[in-house]
Structures are given as structure tokens and as C-alpha cells.
Amino acid sequence: MDHFQYRDGRLAAEEVDLTALADQIGTPFYCYSTATLERHFQVFDAALQGLDHTVCYAVKANSNLAVIATLARQGAGADVVSGGELTQVLKAGVAPEKVVFSGVGKTAAEMAQAIDAGIAQMNVESEPELALLAMVARDKGARVPVAIRINPDVDAKTHEKITTGRAENKFGIDWDRAPDIYARARDLDGIDASGIAVHIGSQLTDLTPYRDAYGRLAQVTRDLRAQGHDIRRLDLGGGLGIPYADPAEAVSAPPPEDYGALVRDMVGGLDCHVTVEPGRLIAGNAGILVTRVLYVKDGATRRFVIVDAAMNDLLRPTLYDAYHAVVSVREPAAGESTQPVDVVGPVCETGDTFGEERHLPAVMPGDLLAIRSAGAYGAVMASTYNGRPLVPEVLVSGGRHAVVRRRVEAEEMMGFDAMAPWLTDGGAG
Ligand code: LLP
């Protein structure tokens with residue numbers, strides 16, 4: 001069910017009126033629905049029932065502490081990719097034994113931090129990384145549970161910038177080199193290489209690449225076991241796609257139940273603990289970006305609706321040509337006519353466009369719009385480009401709301417800069 005619906009003619013997040021919220025805290029702002037986060041987690045977790053598994057939410061999708069804490073209370077673990085994310089998830093209450101650490105370029109300091117925290121698993125992506133981890137572990141007298149990420153050379157058939165499982169991508173080690181690396185790992189004191197990881201990309205709308213990748217994973221598991229390796233844990237990555245309501249999208253996102261059935265089918269018989277790392281699926285449609293119309297401008301061939309949010313707040317349309325539905329916060333009357341408009345931000349780039357030829361009811365300056373499916377890879381990818389401060393994030397639960405990240409003021413942003421000493425003497429030196 002959709003928790004962003006019209007109530008009394010205005011869009012609400014659960015039971016919270018977004019118009020009143022916008023008046024109270026100002027625009028733009030992100031707004032997340034607790035009920036949606038919880039439901040997505042529960043549906044995905046239930047899809048894997050019968051398997052010994054942990055759902056490790058991929059925090060990179062939305063790392064707001066309140067969002068992580070909401071999911072931790074549902075029983076979620078976390079997939080982190082930096083020392084910063086590790087700090088965030090522990091602070092938000094995720095149990096360390098439910099944390100996996102992914103990523104192609106971990107530093108020695110991050111490895112040490114993860115070992116000290118006692119996390120469940122390090123996902124290693126190269127031989128040099130394995131060697132460094134072994135050194136860090138040895139210095140600490142630790143033995144680290146490791147999954148080596150294999151690159152299955154499978155095309156995930158998604159946007160090229162978020163495809164990760166092809167041989168030419170930087171991720172993992174070639175699957176056919178697994179025997180060499182596991183043999184090497186066996187000789188390293190600090191390493192317990194009892195897991196295998198795979199992640200082939202993000203926003204997958206077809207299950208076939210998963211079938212291919214997990215088939216390869218199962219094969220590698222059997223081969224390594226035949227060579228005497230005690231493989232007990234499989235990390236299946238994330239990547240399951242979500243509907244963005246794009247009318248041009250020929251295929252819709254596969255239901256989690258179908259994904260769960262596929263997982264059972266491909267790896268269920270291997271007697272391994274299974275980790276999955278969904279990010280977008282949990283957070284994507286749990287969030288919107290609320291923005292106010294500044295101007296309506298008629299160009300030579302198009303009408304532009306200029307809003308106060310921009311590409312620095314939500315980068316996905318600019319970076320991936322991603323489609324995000326844009327809706328009016330005022331409920332259109334039944335049969336109300338619409339007109340095609342381009343919804344654009346104030347940043348000085350043509351790429352600062354949220355949507356082209358979108359059919360919206362007539363809008364005026366001061367009206368509110370909501371950009372949907374913005375809960376994942378929205379606020380986390382924001383920048384302060386064009387001197388635009390980061391925008392607030394609000395979490396709602398039923399009729400309650402909380403500002404879970406306050407608005408940053410321009411003066412505070414400037415506080416990170418410092419003047420060079422030779423510029424502070426009146427310019428004389
Ligand atoms: N596990 C690993 C190792 C990953 O690299 C990722 C995402 C995930 C899990 C979670 O994938 P998800 O379930 O969210 O698809 N900024 C891009 C998406 C980047 C995904 C990076 N890795 C976007 O906005 O589309």
C-alpha cells in the first residue's frame with residue numbers, strides 16, 4: 001500500500017499533512033514514511049522464509065540515523081562500505097554481529113575499526129586487500145570472518161553506471177580464480193575465508209541475471225568444498241529494482257516473493273547462512289522530496305516549472321537520466337486538465353532537470369510538488385553545489401513527524417572553510 005496519498009485534497013505522508021509541514025519547516029525537504037520502511041523490510045524478509053538468512057540493509061541507500069534505527073528495530077542488519085557508515089549503523093543500534101563490510105577500497109584504519117567492532121563479515125574484493133586484512137588481523141591477534149567477492153561476469157541489464165558484475169567492472173575477483181585465492185587465504189592466520197559474496201548491480205528489473213550469478217555462486221561453492229574449503233556463508237548482494245512509475249518502462253520490478261523463490265531454488269540446498277543486502281528496495285519508495293514552485297516560465301517551445309529543489313538535492317535524474325514521478329501536493333480535481341511541463345531546478349546546468357514533458361495540473365508559484373521514489377540515493381548523494389545547503393529530512397510515523405536532520409544554514413557550511421593566512425592581512429603580503 002502507498003503511504004503517500006491524498007487526504008482531504010492534499011498529499012499526506014501517512015497521516016501527516018505535507019502542506020502544513022512545508023509551511024512549518026520550509027522547502028525543499030525529504031520526507032520518509034516509517035510504515036513503508038517497515039513494510040518493505042518485512043515483505044523482503046518474509047520472501048526469504050525457510051532460509052537461514054540475515055537481511056543486511058545497504059545503508060548507502062539512506063543512512064539517516066533514524067531510518068537505520070527504524071530498520072534495526074525490525075531486526076535488520078546492515079551492509080556498510082566505509083568506516084563512516086560503520087559508525088552510523090552502530091550508533092543507530094544495529095548489532096555488530098549483523099554487519100557486513102563491502103567495498104572495493106577499504107583502508108587499514110577501516111579494517112581495524114571493523115575488527116574492533118566485531119562485525120559479522122568482511123567482504124574482500126582483491127588479493128592485495130586480502131593481504132592487508134591479514135596483516136591488520138594478525139596485529140590484533142584476531143581471526144576475521146571473510147567472504148571473497150567473486151565477479152560472476154554476468155550482465156545485470158541495468159544502467160551502465162550501476163552494473164557491477166561484468167568482467168570489465170572493478171568489483172570482485174574473477175570467479176574462475178576463486179580456487180587460487182581461497183587456497184591462499186587458507187594459509188593466512190588472521191583470515192577465516194568461509195564465505196563467498198556476489199553483487200551484480202542495482203535496479204535490476206529482470207531476475208535472469210540473478211539466476212545466472214547465483215548459479216555460478218553455487219558452482220563455485222561446490223568446487224571450493226570439493227577442494228576442502230569449509231564454505232558456510234553466502235552473501236547474495238542487493239540490487240532488486242523498484243517501480244519508479246516510469247510510463248516508458250516496459251517491465252515492472254519483480255516481486256520480492258519471486259526473488260525469494262529464486263534464491264531458495266539456486267542456493268537453498270547448499271546448507272549455508274545467506275546474507276542479502278537490499279538498499280533501494282527498502283528505502284526508495286519510502287521517501288519523497290517536497291519542493292515549492294518558484295516560477296512558471298514559458299520558453300520558446302516549452303513551459304518550465306522552476307522549483308526550489310535542484311540536482312544537488314536529488315542527483316539521480318542528472319546522473320543516470322533516472323525517471324522520478326512528480327506529483328502535485330494539491331490533489332487535482334477529477335477530470336482536471338493537465339499540461340506538459342519541464343520541472344527544473346535553479347542550478348546553472350541544463351542537466352538540472354527533474355522531468356521533461358510531465359503532465360501536471362496548472363501550477364502557480366508557491367504551489368508544492370512532490371518528487372517520488374526519492375528515499376534511496378537521494379539525500380545521501382546530495383551536495384552543496386551552487387552554495388546550496390543540505391536540506392532537512394523528516395521521518396513520519398502515523399500522525400507524528402520528527403525532523404531527523406535539520407536544515408544546514410549557509411553560514412554553517414562556510415564554517416568548514418578557512419582563510420589562508422596570507423589573505424587575512426589586508427592583501428599586503
Ligand atoms: N550491496 C553492494 C555491494 C552494493 O554495491 C550495493 C549498491 C547494494 C548492496 C545495494 O544495492 P540496491 O539494493 O540499493 O540496489 N546511486 C545509484 C545506486 C548505486 C548502488 C551502489 N551499490 C542510484 O541512485 O541508482
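Residues numbered from 1 in each chain as written. Predicted model: local features only at pLDDT ≥ 70, side-chain atom pairs only at ≥ 80, totals over all residues. Heavy atoms only, no water.

Undergrad: Explain the site of the ligand to me, and be specific about the residues and the numbers.
TA: Neighbouring the ligand are 18 residues, the closest being S202, E277, R316, Y320 and Y377. Within the contact set of the ligand, an oxygen atom lies 3.5 Å away from a side-chain nitrogen or oxygen of K60. Between the ligand and R316, the relevant distance is 2.6 Å, taken from an oxygen atom to a side-chain nitrogen or oxygen of the residue. Starting from 580 Å² of accessible surface for the ligand in isolation, the protein chains cover 91%. In the shell around the ligand, the residues fall into six nonpolar, six polar and six charged. (Near = heavy atom within 4 Å. Polar contact = N/O pair within 3.5 Å; in protein donor to acceptor, adjacent residues only side chain to side chain. Areas by Shrake-Rupley, 256 points an atom, 1.4 Å probe, with all protein chains shown as cover. Nonpolar A, V, L, I, M, F, W, Y, C, P; charged D, E, K, R; others polar.)

Undergrad: How would you sum up the packing of aromatic side chains? Please name residues and give values.
TA: Within the structure shown, the criterion is met by five aromatic pairs. Their ring planes at 25 degrees and their centres at 5.7 Å tell us that F44 and Y259 sit as a pair that is stacked. Of this pair, F44 sits in helix α2 (residues 34-47) while Y259 is found in helix α9 (residues 256-267), placing the two residues 215 residues apart along the sequence. Owing to a relative accessible area of 3%, F44 belongs among the buried residues under this scheme. Centre to centre, the rings of Y214 and Y259 are 6.3 Å apart; their planes meet at 70 degrees, and the pair counts as edge-to-face. Of the two residues, Y214 sits in helix α8 (residues 208-226) while Y259 sits in helix α9, which places them 45 residues apart along the sequence. Y259 shares its class with Y214; the two are buried. These aromatic residues form a ring-pair network of at least three members: F44, Y210, Y214 and Y259. (Phe/Tyr/Trp six-rings, centres within 6.5 Å; stacked < 30°, edge-to-face > 60°. Helix = DSSP H or I, 4+ residues; strand = E, 2+ residues; numbered from the N terminus. Buried < 20%, exposed > 50% of the residue type's maximum accessible area, 1.4 Å probe, protein only.)

Undergrad: Explain the pattern of salt bridges to me, and be specific about the residues and the numbers.
TA: Applying the stated criterion across every chain, the model contains 22 salt bridges. As a salt-bridge pair, E127 and R184 come within 3.2 Å of each other at their nearest N and O atoms. Residue E127 is found in helix α6 (residues 127-140), and its partner R184 is found in helix α7 (residues 178-186); the two are separated by 57 residues along the sequence. Take E127: its relative accessible area is 21%, and that puts it in the partly exposed class. The shortest N-O distance in the salt bridge between R166 and E168 comes to 3.4 Å. Since its relative accessible area comes to 21%, R166 is described here as partly exposed. Several salt bridges share partner residues, and in doing so they unite R302, D342, E356 and E357 into one network. (Salt bridge = Lys/Arg side-chain N within 4 Å of Asp/Glu carboxyl O.)

Undergrad: Describe the pairing of strand β20 (residues 393-397), and please don't skip the residues or the numbers.
TA: Moving residue by residue along a regular strand, the side chains alternate between the two faces of the sheet. Most of β20 sits out of view: four of its five residues are buried. Judged from the four bridges that link them, strand β4 (residues 29-33) and β20 form a sheet pairing that is parallel. When the sheet's bridge partners are listed, C31 is paired in β20 with V394. When β20 meets strand β21 (residues 400-405), the two strands line up antiparallel, connected through five bridges. Counterpart to L395 in the pairing with β21 is A402. (Pairing = 2+ DSSP bridges.)

Undergrad: So what about the sheet that holds strand β2 (residues 10-13)? Which residues, and what values?
TA: Backbone hydrogen bonds are what pair the strands of a sheet, in a parallel or an antiparallel way. Pairing is antiparallel across the open sheet formed by three strands, whose spatial order is β1-β2-β3. Across the chains shown, the open sheet's two edge strands, defined by having one partner strand only, are β1 (4-7) and β3 (16-17). For β1 and β2, the ladder comprises four bridges, and the chain directions are antiparallel. Each bridged residue has a counterpart across the sheet, and for Q5 the counterpart in β2 is A12.

Undergrad: I'd like to hear about the packing of helix α4 (residues 83-91) against helix α5 (residues 108-117), residue by residue, with values.
TA: The N-to-C vectors of α4 and α5 enclose an angle of 25 degrees; their axes lie 9 Å apart at closest approach. Comparing the axis directions of α4 and α5 gives the class roughly parallel. Pair α4 / α5 crosses with left-handed handedness. Seen from α4, the contacting residues are G83, L86, T87 and L90; seen from α5, they are E110, Q113, A114 and A117. A per-class count over the contact of α4 with α5 returns four nonpolar, three polar and one charged. (Axes fitted to C-alpha atoms, helices over the stretch in contact; angles between N-to-C directions. Parallel < 35°, antiparallel > 145°, perpendicular 65-115°, else oblique. Left-handed = near helix turned anticlockwise from the far one by under 90°. Contact = heavy atoms within 4.5 Å.)

Undergrad: Describe the environment of D342, with residues and values.
TA: Tracing the backbone shows D342 in strand β17 (residues 338-344). For D342, a relative accessible area of 4% corresponds to the buried category. Put simply, D342 and E356 are 14 residues apart on the chain and 4.3 Å apart in space, counted from C-alpha to C-alpha. Excluding residues that lie within four positions of it along the chain, D342 makes contacts with R302, R303, F304, V305, G355, E356 and E357.

Undergrad: Account for the side chain of T164, with residues named and values stated.
TA: Its location among the elements puts T164 in the loop between β9 (144-151) and β10 (173-174). At 3.0 Å, the side chain of T164 forms a polar contact with the backbone nitrogen of G201. Setting aside anything within four residues of it in sequence, one finds T164 in contact with R149, N151, N169, F171, H199, I200 and G201.

Undergrad: Lay out the environment of V80 in plain terms, naming residues and giving numbers.
TA: As for its placement among the helices and strands, V80 is situated in strand β6 (residues 77-80). Accessibility expressed as a relative area gives 0% for V80, which makes it buried. Non-local contacts of V80, meaning those with residues more than four positions away in its chain, are made with E85, L86, V89, V99, V100, F101 and S102.

Undergrad: Could you give me a rundown of the side chain of R358, with the residues and numbers involved?
TA: Relative to the elements of secondary structure, R358 occurs in strand β18 (residues 353-361). Engagement of the side chain of R358 in a polar contact is seen with the backbone oxygen of H324, the distance being 2.7 Å. Once residues within four sequence positions are removed from consideration, R358 is found in contact with Y323, H324, A325, V326, Q339, P340 and V341.

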